[in-house]
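Now for the letters of each chain:
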Amino acid sequence: MSAMLARPALRVASHGIKARSFSTTPAPQATLKELETRIRSVGNIGKITKSMKMVAASRLARAQKAMTQAKAYGVANSSVFEQSEASKSEAKVEKILYITIASDRGLCGGIHSSVAKATKRDIDGGEGQGKSVQVVVLGEKPKQQLTRGSVINDLALSFNQIGRAVPTFADALAIADKIEELGLDYDKVKIVYNKFVSVISYEAAFFEIYPLKALQASPSFAAYEVEGDELAADLGSFALANAIYAGLVEGHAAEISARRNAMENASKNASEMIDKLTMQFNRMRQAAITNELVDIITGASAL
Amino acid sequence: MSFLRAARTSLRTPILARTYAEQASASSALKLSLVLPHDTVYQSQDVLQVNISAVAGDMGILANHVPTIESLKPGVLEVIEANASESKKWFVSGGFANVHPNNTLTINAVEAYPLDAFSPEAIRSGLAEAQRVAAGSGDEATKAEAAVEVEVLEALQAAIRP
């Protein structure tokens, strides 16, 4: 304890020396203190990232379970479009609506930039090139990324409070409802979401939803007996809500696993940093002790 | 005729495999996929018959049904499996049933629960409440929602009545 009281006085003096001569080695005590605080703060950060990793790991199981059900739901939903070969529809696709799905929260690796980049890429060089494009964003983070780029000047609609819990179908319905209220005219909807490839990887993927016109002009759609246009329009709205739901849930699972991996890497880096800094601290401490000893001995031998 | 077909197919696949496949497609059962947002009830399973309650009317779907897209109204969905003695029933709140050209039936339902999962008292009280709101003096949106609730609960009440 007394050593600590002694140090501040010494530190003041050494600061003065430091200011005057640029090339002197700094007094060990000053740097020791700084190193100590640094080690402590990195330790705290490591604790935080480790707990975030635990939280993410515990939520992952639930999110993955919901994802398998939602995926089956999404596959059944797109079966109509696949069977009627809507992708080869004769209706011209001039207007495309993109719905980008991510979330509000960060510290999850490249989740948000993945969907934002995929959307931009498709608009610039992919299917959206030269077409009239509108974008709806789910989540604050991708919204910031998309509006920053020069391609998309204004978003048709944006949603926040996404990604706090496992998404429910009611969420997807509310979102689809709001989008329909806009009354946008489009020939095709492309939903951009993060597909859960494995626990350690994800990639941006697309769902394609076709409205009434495109469906009616699809090659194999004529095989279906459909009573009236209203039914096909209802199917389009329902299919949109289903696809948004599937994208939300899978994106949520991908985000949680990405956050777990990111926090695991961060914790690993933090512990490596602590090891390095502790090594440095100990060496410096020993050097300081050696210097003091040398001072004492030379002082004693001078007598 | 069959000679020619045999000669053609022998270039690609053994004749035996070819006829085996043809036989299978002729006697295949209806493949049902009944999926909910939070649960997968049937995933490409062979069933005998599915009775659905569509907006256009109640209908039974058997194997090789004409491809159709049906919107479901709140009602009972019954599945008769090949080997089961009793059919299984669910109450469905709504959704779409699509019969595809390849003898598959996909049903996307928003909510579906077995009939014994409901409590009659809860339905009765819920129905009374919804009827009150629907006939009340709220705004159009609330009244429309209550009207939908009345429709669902009335269908549910009819369904669980023994």
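Residues numbered from 1 in each chain as written. Chains lettered and ligands numbered in written order. Predicted model: local features only at pLDDT ≥ 70, side-chain atom pairs only at ≥ 80, totals over all residues. Heavy atoms only, no water.

A closer look at the overall build of chain B
- The helix and strand tally for chain B stands at four helices and nine strands.
- In sequence order, chain B lays out its α and β elements as α-α-β-β-β-β-β-β-β-β-β-α-α.
- Per-residue burial over chain B gives 35% buried out of 162 residues.
- The contacts in chain B between residues at least 6 apart in sequence include a share of 47% that link residues at least 24 apart.
- As presented, chain B carries roughly 9,200 Å² of accessible surface, and 57% of it is formed by carbon and sulfur atoms. (Helix = DSSP H or I, 4+ residues; strand = E, 2+ residues; numbered from the N terminus. Buried < 20%, exposed > 50% of the residue type's maximum accessible area, 1.4 Å probe, protein only. Contact = heavy atoms within 4.5 Å. Areas by Shrake-Rupley, 256 points an atom, 1.4 Å probe, with all protein chains shown as cover.)

Side note on a negative patch on the surface
All names here are of chain B.
- There is a patch of like negative charges on the surface, built from Asp 139, Glu 140, Glu 145 and Glu 149.
- One can find Glu 145 in helix H4 (residues 140-160).
- Classification of Glu 145 by relative accessible area gives exposed; the value is 58%. (Patch = residues over 30% accessible without salt bridge, like charges linked within 9 Å, V, L, I, M, F, W, Y side chains within 5 Å. Salt bridge = Lys/Arg side-chain N within 4 Å of Asp/Glu carboxyl O. Lys, Arg positive; Asp, Glu negative; His and termini not counted. Charge placed at Lys NZ, Arg CZ, Asp CG, Glu CD.)

Topic: unusual backbone geometry
- One non-glycine residue, Leu107(A), lies in the positive phi region at around 60°.
- Despite not being glycine, Ser44(B) has its phi angle at roughly 50°, a positive value.
- Relative to the helices and strands, Ser44(B) is located in strand E2 (residues 39-54).

Focus on the side chain of Asp104(A)
Residue and element names in this part refer to chain A.
- Position of Asp 104 relative to the elements: it lies in the loop between strand E1 (95-101) and helix H3 (111-124).
- For the buried Asp 104, no salt bridge exists, and the shortest N-O distance to an oppositely charged side chain is 5.4 Å, to Arg 164.
- Polar contacts involving the side chain of Asp 104 include one to the main-chain amide nitrogen of Glu 140, which spans 2.8 Å.
- Each residue touching Asp 104, except ones within four places of it in the same chain, is listed here: Gly 139, Glu 140, Lys 141, Asn 160, Gln 161 and Ile 162. (Polar contact = N/O pair within 3.5 Å; in protein donor to acceptor, adjacent residues only side chain to side chain.)

What about empty space enclosed by the protein?
- The tally for this structure, following the rule as stated, stands at two cavities of 30 Å³ or more.
- Roughly 40 Å³ of volume is contained in the largest cavity.
- If you trace the largest cavity, you find it lined by Ile101(A), Ala102(A), Ser103(A), Ile162(A), Gly163(A), Pro167(A), Leu248(A), Gly251(A), His252(A) and Glu255(A).
- The biggest single contributor to the lining of the largest cavity is helix H7 (residues 228-302) of chain A, with four residues.
- Residue composition of the lining of the largest cavity, grouped by class: five nonpolar, four polar and one charged.
- By volume, the second largest cavity is sized at about 30 Å³.
- Contributing to the lining of the second largest cavity are Asn77(A), Leu235(A), Phe238(A), Asn242(A), Phe96(B), Asn98(B) and Asn108(B).
- With three residues, the top contributor of residues to the lining of the second largest cavity is H7(A).
- Among the residues forming the lining of the second largest cavity, the class breakdown is three nonpolar, four polar and no charged. (1 Å grid on protein atoms, 1.4 Å probe; cavity = no way out; pocket = protein on both sides within 12 Å on 5 of 7 lines; lining within 4 Å. Points joined across faces, edges and corners; volume = space filled by probe spheres on them. Nonpolar A, V, L, I, M, F, W, Y, C, P; charged D, E, K, R; others polar.)

Focus on the nonpolar core
- Among the nonpolar cores identified, the biggest contains 60 residues, and Ile99(A), Leu138(A), Ile179(A), Ile191(A) and Ile244(A) are the most heavily contacted of them.
- Of all the elements, H7(A) adds the most residues to this core, at 16 residues.
- In this view, Leu138(A) contacts Ile99(A), Thr100(A), Ile101(A), Ala102(A), Ser103(A), Phe159(A), Ile162(A), Ile175(A), Ile244(A) and Leu248(A); residues no more than four positions away in its chain are not counted.
- Listed in part, the 21 residues of the second largest apolar core include Tyr42(B), Val47(B), Ile107(B) and Ala112(B). (Core = buried A, V, L, I, M, F, W, Y, C linked by side-chain atoms within 4.5 Å.)

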